[in-house]
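In case you want the letters, here they are:
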Amino acid sequence: ELQALRQLKESDGLQGLMFRGLSATLAREIPSYGLYFVVYGLLLVQWQSIVISEPMASLGPLFCGGLAGMASWLPVYPIDVVKTEMQNTLSGMESERPSM
């Protein structure tokens, strides 16, 4: 919302608006995408060696992409929680939300 953007700009300036949580975002994205493409490639090779019929062969990218997405998201989910906390808390202040 606009009020949140104004408050963030007032407390942290343009730096906070543009870069808050960037390090945690990169720590999440880089391993996640690396894992995704490795798993996708391995699964697609396996799919192509197992499936012989044409209709099923064309579904390989769909299934392999879905499985690779799940495999790449599971290990980085805790990093996403940290990133979200970094982006949602005011700098130098504790979160106003109750912890779980």
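As the structure is a computational prediction, the values presented were derived from the model and not from experiment. (Residues numbered from 1 in each chain as written. Predicted model: local features only at pLDDT ≥ 70, side-chain atom pairs only at ≥ 80, totals over all residues. Heavy atoms only, no water.)

Using the criterion set out here, one finds three salt bridges in the structure. Arg28 is the partner of Glu29 in a salt bridge, and the nearest nitrogen-oxygen pair spans 2.3 Å. By relative accessible area, Glu29 is classed as partly exposed at 22%. With a relative accessible area of 12%, Arg28 lands in the buried category. For Lys83, the salt bridge goes to Asp80, with nearest N and O atoms at 3.9 Å. With Lys83 and Asp80 both in helix 5 (residues 77-88) and three residues apart, this pair spans about one turn of that helix. When salt bridges with common partners are traced through the structure, they connect Arg28, Glu29, Asp80 and Lys83 into a single cluster. (Salt bridge = Lys/Arg side-chain N within 4 Å of Asp/Glu carboxyl O. Buried < 20%, exposed > 50% of the residue type's maximum accessible area, 1.4 Å probe, protein only. Helix = DSSP H or I, 4+ residues; strand = E, 2+ residues; numbered from the N terminus.)

Following the sequence through the fold, Ser32 ends up in helix 2 (residues 22-50). When its relative accessible area of 9% is taken as the criterion, Ser32 is described as buried.

It is at 8 Å that the axes of helix 2 and helix 4 (residues 60-73) come closest, and there the two elements cross at 145 degrees. The interaxial crossing formed by helix 2 with helix 4 has right-handed handedness. Across the interface between the two elements, Arg28, Ser32, Leu35, Tyr36, Val39, Tyr40, Leu43, Leu44 and Trp47 from helix 2 touch Gly60, Pro61, Phe63, Cys64, Gly65, Leu67, Ala68, Gly69, Ala71, Ser72 and Trp73 from helix 4. In the contact of helix 2 with helix 4, the residues fall into 14 nonpolar, five polar and one charged. (Axes fitted to C-alpha atoms, helices over the stretch in contact; angles between N-to-C directions. Left-handed = near helix turned anticlockwise from the far one by under 90°. Contact = heavy atoms within 4.5 Å. Nonpolar A, V, L, I, M, F, W, Y, C, P; charged D, E, K, R; others polar.)

Next up on the list: the confidence of the model for the protein chain. For the protein chain, per-residue confidence averages 83 on the pLDDT scale, and 86% of positions sit at 70 or higher. Considering each helix and strand of the protein chain separately, the mean pLDDT is smallest for helix 1 (residues 2-19), with a value of 76, and largest for helix 4, with 96. (pLDDT = per-residue confidence, 0-100.)

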